[in-house]
Amino acid sequence: MVHFIVIDTGPDKLVDLFDEEDFIDEYQAEPISREDCPDDVDRITDLVSDCFLEVAWSRQDAVNIVIENINLLSIDEGDDSEELIGYAKMLIKIGESDWWDTIIEKQF
C-alpha cells in the first residue's frame, strides 16, 4: 500500500497522510488502474493532481510546497492574514506528524 501526503492549498488549507484507497474514498476521485499506470508514483501524482491538490512524498517536500505558496502569497497585495494563519496551521501539523516518516519511508 502506497502512502503519501496530500496538500490542499485552497480555501480549506488541509494537509494529511493518505493511502491510495482512502484518498479515493475521501475525495471521490476516479481510480487509475495499475494496468493503465503501473508506476505507483506516477499513478498517485496523477490521481491527486486530477483533484487539483498537491502530493508530497516526505514531510520536507510538504513543507517546501507550503513555503512556496507562502512566498507566492507575499507577492500579492491585500490582507492575507487568514491565508497565512491557514498555512501556519499546515506547517504545524506537518511538524507534529513525525510518525508519518516511518510509514512513508517503509515504501521506498
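Our structure is the block above this text.
Cut-offs applied
- Residues numbered from 1 in each chain as written.
- Predicted model: local features only at pLDDT ≥ 70, side-chain atom pairs only at ≥ 80, totals over all residues.
- Heavy atoms only, no water.
- Helix = DSSP H or I, 4+ residues; strand = E, 2+ residues; numbered from the N terminus.
- Buried < 20%, exposed > 50% of the residue type's maximum accessible area, 1.4 Å probe, protein only.
- Polar contact = N/O pair within 3.5 Å; in protein donor to acceptor, adjacent residues only side chain to side chain.
- Contact = heavy atoms within 4.5 Å.
- Phe/Tyr/Trp six-rings, centres within 6.5 Å; stacked < 30°, edge-to-face > 60°.
- Lys NZ or Arg CZ within 6 Å of the ring centre and 35° of its normal.

Asks: Help me out: how do you make sense of the side chain of Lys13 in this one?
Replies: Looking at the element boundaries, Lys13 is found in the loop between β1 (3-8) and β2 (14-19). A residue is classified by how much of its surface remains accessible, and Lys13, at 11% relative accessible area, is buried. Polar side-chain contacts of Lys13 include one of 2.8 Å to the backbone oxygen of Gly10. Filtering out sequence-adjacent residues up to four positions away, Lys13 remains in contact with Asp8, Glu83, Gly86, Tyr87 and Met90.

Asks: Would you mind showing me how to read the packing of aromatic side chains here?
Replies: A ring pair, where both rings are aromatic, is described by two values, the distance of the centres and the angle of the planes. In total, this model carries six aromatic pairs according to the counting rule given. For the pair Phe4 and Trp57, a centre-to-centre distance of 6.1 Å together with 55° between the ring planes defines the contact as tilted. One end of the pair, Phe4, is in strand β1; the other, Trp57, is in the loop between β3 (54-56) and α3 (59-75), and 53 residues separate them in sequence. Taken together, the aromatic side chains of Phe4, Phe18, Phe23, Tyr27 and Trp57 make up a single cluster linked through ring pairs. The positively charged end of Lys13 is found above the aromatic ring belonging to Tyr87, 4.7 Å away from the centroid.

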